[in-house]
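Structural overview
Each chain is listed here by its residues.
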Amino acid sequence: MYLGLFALDFIPLQQETILTTIRGSKLDRLTLDGLPNVNLQYLNHMKKVILRIFTVTAFLATTSPAYSQFNIAKAIGGTAKAVKAFTITDAQMADYVKESVDWMDKHNPVLPENDPYTQRLRKLTAGITDAEGIPLNFKVYNVVDVNAFACPDGSVRVFSSLMDIMNDDELLGVIGHEIGHVLKRHSKNAFKNELLTGALKDAVASAGGKAAALTESQLGTLGQSLVSAKFSQKQENEADDCGYDFLVSKGKNPWGIVMSFEKLMSLEGGSGSKQSYIQKMFSSHPETQKRIEHMKKRCEKDGIARPTATAGKE
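Worth saying up front: this structure is predicted, and the values here are computed from it rather than measured.

Cut-offs used in this document
Residues numbered from 1 in each chain as written. Predicted model: local features only at pLDDT ≥ 70, side-chain atom pairs only at ≥ 80, totals over all residues. Heavy atoms only, no water. Axes fitted to C-alpha atoms, helices over the stretch in contact; angles between N-to-C directions. Helix = DSSP H or I, 4+ residues; strand = E, 2+ residues; numbered from the N terminus. Left-handed = near helix turned anticlockwise from the far one by under 90°. Contact = heavy atoms within 4.5 Å. Nonpolar A, V, L, I, M, F, W, Y, C, P; charged D, E, K, R; others polar. Pairing = 2+ DSSP bridges. Phe/Tyr/Trp six-rings, centres within 6.5 Å; stacked < 30°, edge-to-face > 60°. Lys NZ or Arg CZ within 6 Å of the ring centre and 35° of its normal. Salt bridge = Lys/Arg side-chain N within 4 Å of Asp/Glu carboxyl O. Buried < 20%, exposed > 50% of the residue type's maximum accessible area, 1.4 Å probe, protein only. Parallel < 35°, antiparallel > 145°, perpendicular 65-115°, else oblique. Core = buried A, V, L, I, M, F, W, Y, C linked by side-chain atoms within 4.5 Å.

Describing the packing of helix α8 (residues 186-197) against helix α10 (residues 216-227)
Taken N-terminus to C-terminus, the directions of α8 and α10 make an angle of 145 degrees; their axes are 9 Å apart at the nearest point. In this structure, α8 crosses over α10, and the sense of that crossing is right-handed. Together, Phe191, Glu194 and Leu195 of α8 and Leu222, Ser225 and Leu226 of α10 make up the contact between the two elements. Here the residues of the contact of α8 with α10 sort into 4 nonpolar, 1 polar and 1 charged.

Structure (structure tokens):
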């Protein structure tokens, strides 16, 4: 309100005459006692000026200040970006996945086609070319970690150290389970959630849905989210059943899922790189036992014989 009071300084005051008092939103009438020399026309003009100033000032005081409006606009902008990210198209999602997988293939030692590990994987997955229309591609990472993962685009990556500890049936069981996550859209939803709410959500939003606009390190972060995606117990159970059905549809023995669980459980309590995949697969020991029993019952009900155990890799 200091603007209105400042305007009164242009009128010479005598004695203790009060020209104006602002009470709430009301401008009192001027008192002219003691002002014999005041030009009434001029004074009336000043009253109108003061009233206008007061009206503008009162309006500003009863509405959001400029800074609040700016913040609101900024918040709206942020909301718009979030909505844009949330409505990201499947095509944009596919681009992000492809860029992330390409980044991982570039920054990990992918074994060549003539390598024994790759040849074993090719033989093992012969005839497994798609999962309900999603084209599959398989590669081996020559790394010390015990892990495997499948991406929403059908890219399946198996780590050589996992192949070292599992026979072919067990390895197929792991692959079937991971593809189960893809078919149930768990992998896609986890990746989408990372795009929308993860550390890179602002970068993804500002990129306007263009994966190529992300930096190398940002793509690496997205790639890591594919490798280390965590799923609920319900999702793990769904992936077991879906993986079972997938293996049967491809003419593979689903007992491999049971055998891979048993193999991984036998390694529980160990240390080092083997624990990463075990922890990812099994959130609790009792639930793991239930999963094994469930898969066993399905195999037995379907009359599928358990394969003869083979030591190591074939």
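Moving on from the coordinates now.
Side note on the sheet that holds strand β7 (residues 155-159)
Judged by pairing direction, the sheet is mixed, and its 3 strands sit side by side in the order β5-β7-β6 without closing on themselves. Of all strands in the sheet, those bounded by a partner on one side alone are β5 (137-141) and β6 (148-150). Sheet twist, expressed as the average angle between the axes of neighbouring strands with direction ignored, equals 15 degrees. When β5 meets β7, the two strands line up parallel, connected through 5 bridges. Directly across from Phe138, in β7, lies its bridge partner Val156. The sheet strands contacting helix α7 (residues 168-183) are β5, β6 and β7, and the helix crosses β6 at an angle near 35 degrees.

Observations concerning the packing of aromatic side chains
As enumerated under the stated definition, the model contains 3 aromatic pairs in all. Clustering of aromatic rings is evident, with ring pairs tying together Tyr141, Phe149 and Phe159. We note Arg298 situated over the ring of Tyr244; from NZ or CZ to the ring centre the distance is 3.9 Å.

Quick notes on the pattern of salt bridges
Tallied over the full model, the rule gives 16 salt bridges. The closest approach of N and O atoms between Asp102 and Lys98, which form a salt bridge, is 2.8 Å. With Asp102 and Lys98 both in helix α4 (residues 90-107) and 4 residues apart, the pair spans about one turn of that helix. Accessibility expressed as a relative area gives 48% for Lys98, which makes it partly exposed. With a shortest N-O distance of 2.9 Å, Lys263 and Glu170 are connected by a salt bridge. Taken together, the residues span a long stretch of sequence, with Lys263 in helix α12 (residues 255-266) and Glu170 in helix α7 at a distance of 93 residues.

Observations concerning the packing of α7 against α12
Where α7 contacts α12, the axes come no closer than 7 Å and their chain directions differ by 100 degrees. It follows from the interaxial angle that α7 and α12 lie roughly perpendicular. Contacts between α7 and α12 involve Asp169, Glu170, Gly173, Val174 and His177 from the first element and Gly256, Ile257, Met259, Ser260, Phe261 and Lys263 from the second.

Considering the nonpolar core
Nonpolar side chains in soluble globular proteins generally cluster together in the buried interior. Ranked by internal contacts, the top residues of the largest apolar core, which has 40 residues, are Val158, Leu162, Ile179 and Phe246. The residues contacting Leu162, other than those within four sequence positions of it, are Asp145, Val146, Asn147, Ala148, Leu171 and Val174. Counting residues in hydrophobic clusters, the runner-up holds 20 residues, among them Phe149, Cys151, Ala203 and Leu219.

Brief notes about the pairing of β7
Taken residue by residue, a regular strand's side chains alternate between the two faces of the sheet. With 5 of its 5 residues buried, β7 lies for the most part within the structure. The alternating pattern of β7 places Ser155, Arg157 and Phe159 on one face and Val156 and Val158 on the opposite face, and all of these are buried. With antiparallel pairing between neighbouring strands as the criterion, β6 and β7 make up a hairpin whose turn holds 4 residues, including Gly154 at a positive phi of roughly 95 degrees.

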